[in-house]
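Per-entry structural report
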Amino acid sequence: MVFASGTEATMFAESRPFHVAQHRLPAWKAVLPISGHARLLQPGRSTVAAPGLIVPPQLAHSCAATSPYIALFIDPWLLSPCPEPIPLGAGEVRHLLAALGTTGSEGPDTAVDLAAGYAELRKLTGRPAPLDPRVAHAVDLCTVRGPDLPIASIADEIGLSAPRLRALVRQDVGITLARLRRWGRLRNAIAGLADSTAALAAATAGFADQAHLTRTARDLIGRTPASLRRAEA
């Protein structure tokens, strides 16, 4: 397991095939198998299979990669909206992997170029509309710089009521501020798994306990912290 995080994207990669259970991720996801295919299944619909896939935020689905793979996660406001999964051809996957700096058959190391990977994804999905500056400031505080700040305090800082802020975020981003905060905390917890126990990573990231972290991981990424630690080991 390799994990990396930057301003434009978060990545984890595994040197083996893997399947994740049904989940709803509040971010874009690009699944880039190194030498195989990606498969996606939505409830009540046929399986989508392609050399790679871009999955829009909040889509209920399970997915799998048939080879070592890279998964890129992009915040929902950083790509142009699209309601359906986007299949990628083999050439598009190669361009994305090359932009990331992946040349080996088992995936990247932590020096992966996330900014270049994001730039390639934006070519495929289009330039997003700019966020309302108040919304941009709120989601930055809530998910990165001040994840423990009460939403009412964030609203006060930008001169809005808490209900108005929640409504603006839902309007501009399509996802509730509370759910975006859960995603930000989960990213922090996953990053902490490399150097600590799941219980300590949960506490450091702001979860009530390890069970809360596990429930959140299953809901948002379709797997457990234990599976991430086993892959890492």
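Just so you know, these numbers come straight off a predicted model, no measurement behind them.

Rules used throughout
- Residues numbered from 1 in each chain as written.
- Predicted model: local features only at pLDDT ≥ 70, side-chain atom pairs only at ≥ 80, totals over all residues.
- Heavy atoms only, no water.
- Pairing = 2+ DSSP bridges.
- Helix = DSSP H or I, 4+ residues; strand = E, 2+ residues; numbered from the N terminus.
- Axes fitted to C-alpha atoms, helices over the stretch in contact; angles between N-to-C directions.
- Contact = heavy atoms within 4.5 Å.
- Phe/Tyr/Trp six-rings, centres within 6.5 Å; stacked < 30°, edge-to-face > 60°.
- Buried < 20%, exposed > 50% of the residue type's maximum accessible area, 1.4 Å probe, protein only.
- Arc of directions from axis to C-beta.

What follows concerns the sheet that holds strand β2 (residues 10-14). Taken together, the 6 strands give an open sheet; going across it, the order is β1-β2-β9-β4-β7-β10, and neighbouring strands pair in antiparallel fashion. Only two strands of the sheet have a single partner each, and these edge strands are β1 (2-5) and β10 (86-88). Strand-to-strand twist of the sheet, defined as the mean angle between neighbouring strand axes without regard to direction, takes the value 15 degrees. Helix-sheet contacts for helix α1 (residues 90-100) involve β4 (28-33), β7 (52-55), β9 (69-74) and β10, and the interaxial angle to β4 is about 100 degrees. Sheet strands touched by helix α2 (residues 114-125): β1, β2, β4, β7, β9 and β10. Its angle to β9, the strand with the most contacts, is close to 75 degrees.

This paragraph deals with the packing of aromatic side chains. Applying the stated criterion to the full structure yields 2 aromatic pairs. With 5.4 Å between their ring centres and 35 degrees between their planes, phenylalanine 12 and phenylalanine 73 make a pair best called tilted. Taken as a pair, phenylalanine 12 in strand β2 and phenylalanine 73 in strand β9 lie far apart in primary sequence, 61 residues in all. Assigned by exposure class, phenylalanine 12 and phenylalanine 73 land together as buried.

Another aspect to go through is the pairing of β2. Counting buried positions along β2 gives 5 out of 5 residues, so the element sits mostly inside the fold. Judged by which residues are buried, β2 turns out to be covered on both faces: Thr10, Phe12 and Glu14 on one side and Met11 and Ala13 on the other are all buried. Linking β1 back to β2 in an antiparallel pair, the connection comprises 4 residues. Examined bridge by bridge, β2 and β9 share 5 bridges and lie antiparallel to one another. In the strand pairing of β9, glutamate 14 is matched with tyrosine 69.

Let us look at α1. Every buried residue of α1 is accounted for by Val93, Leu96, Leu97, Ala99 and Leu100. When α1 is viewed along its axis, its buried side chains cluster within an angular range of 160 degrees and face the same direction. Residues of α1 that are exposed and point over 90 degrees away from its buried face: Arg94, His95 and Ala98. Turning to α1, the residues buried within the fold contact β4, β7, β9, β10 and α2. Backbone geometry just after α1 places glycine 101 at a positive phi near 95 degrees.

Position of glycine 89 among the secondary structure elements: in the loop between β10 and α1. Expressed as a C-alpha distance, the spacing of glycine 89 and glycine 52, which sit 37 residues apart in the sequence, is 6.6 Å.

Before going further, it helps to examine the sheet that holds strand β8 (residues 61-65). Taken in spatial order, the 4 strands make up an open sheet running β3-β8-β5-β6, and their pairing is antiparallel. Since the sheet does not close on itself, it has two edges, and those belong to β3 (18-23) and β6 (48-50), each with one partner. The average undirected angle you get between the axes of adjacent strands in this sheet is 10 degrees. Relative to β8, β3 is paired through 4 bridges, and the arrangement is antiparallel. Looking at β8, one finds that histidine 23 is bridged to histidine 61.

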